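What follows is each chain in one-letter form.
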Amino acid sequence: TGTISNDDTTTLSINSVTVTEGLAGTTPAAFAVTLSAPVDRAVSFTATTSDGTANAPGDYVPLAGQSFNIAAGATTATVTVSVNGDNVVENDETYFVTPAALTAAPPAGGQAPLDPATLIIPANTRGTGTITNDDFTQISIDDVRRIEGSAAGAVNPFRFPVSMTNPSQLPITVQFATIDGTATAPADYVATTGT
């Protein structure tokens, strides 16, 4: 009997993915999980997501130990995370996908069991998902009409409503200034600027 001892290992890795979030529905983020060498039988692993600056389930649909397979002789599998679209102005956000529990299928057809030490996931292996913001907001200001009044020295304040077309998770700063139209400052109104 000639026995050939295996001296090969395979190492699992995962890439990072960037997707634009979209305005509604979900956008798939497809992470490629790769073995450095094929295995003579199917292998499986689990994937779990964790928050970075993105938060589940609002920004993306989380995975919690979901199982994935790589067919015998193949070297890749795809882990898909669904990213939720919205119309909120925000910074680009990140989350992480961590693979774990890489195992081989039970032996079949005369195969010997695989040594678990030949299936390697290096420490701190994880893919980074980046959600790119594609939202914007427009600033508008309403017109205001008021009666001037006839009392000497009376002040009639004008309050101009300012609005945005979309909400924002970031602070918004707007500078303003008055300029003459047919009314002139300081005779008709008090000129002002501000933020």
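Data block above holds the structure.
In this report, the structure presented in the accompanying data block is examined. (Residues numbered from 1 in each chain as written. Predicted model: local features only at pLDDT ≥ 70, side-chain atom pairs only at ≥ 80, totals over all residues. Heavy atoms only, no water.)

Here we take up the nonpolar core. Ranked by internal contacts, the top residues of the largest apolar core, which has 26 residues, are F31, F45, V79, Y95 and V97. Of all the secondary-structure elements, those providing two or more residues to this core are β1 (10-14), β2 (17-20), β3 (26-35), β4 (43-51), β5 (66-70), β6 (76-84) and β7 (93-104). (Core = buried A, V, L, I, M, F, W, Y, C linked by side-chain atoms within 4.5 Å. Buried < 20%, exposed > 50% of the residue type's maximum accessible area, 1.4 Å probe, protein only. Helix = DSSP H or I, 4+ residues; strand = E, 2+ residues; numbered from the N terminus.)

Okay, the environment of T80 next. Relative to the assigned elements, T80 resides in strand β6. Given the relative accessible area of 39%, T80 is considered partly exposed. Through-space distance from the C-alpha of T80 to that of A123 is 22 Å; in sequence the pair is 43 residues apart. Ignoring any residue separated from it by four or fewer positions in sequence, one finds T80 in contact with P28, A29, A30 and L63. (Contact = heavy atoms within 4.5 Å.)

It is worth spelling out the sheet that holds β2 at this point. Strand order in the open sheet formed by 5 strands is β2-β9-β7-β4-β5, and the pairing between neighbours is mixed. On the outer flanks of this sheet lie β2 and β5, each paired with one strand and no other. Across the sheet, the mean angle separating the axes of adjacent strands is 30° when strand polarity is ignored. When β2 meets strand β9 (residues 127-132), the two strands line up parallel, connected through 4 bridges. Paired with V17 across the two strands is G129, which belongs to β9. (Pairing = 2+ DSSP bridges. Axes fitted to C-alpha atoms, helices over the stretch in contact; angles between N-to-C directions.)

A separate point is the sheet that holds β1. Strand order in the open sheet formed by 4 strands is β6-β3-β1-β8, and the pairing between neighbours is mixed. Among the strands making up the open sheet, the edge pair consists of β6 and β8 (119-120). Of the strand pairs in this sheet, β1 and β3 are connected by 3 bridges, and their pairing is antiparallel. Bridge pairing in β3 places L12 opposite L35.

In this section: the pattern of salt bridges. Enumeration according to the criterion identifies 1 salt bridge in this entry. The residue R41 makes a salt bridge to D40 at a minimum N-O spacing of 2.9 Å. With relative accessibility at 6%, the residue R41 sits in the buried group. (Salt bridge = Lys/Arg side-chain N within 4 Å of Asp/Glu carboxyl O.)

The next thing to look at is the side chain of E90. Examined against the element boundaries, E90 turns out to sit in the loop between β6 and β7. Buried charge without a salt bridge: E90, with R126 as the nearest opposite-charge side chain at an N-O distance of 19 Å. (Lys, Arg positive; Asp, Glu negative; His and termini not counted.)

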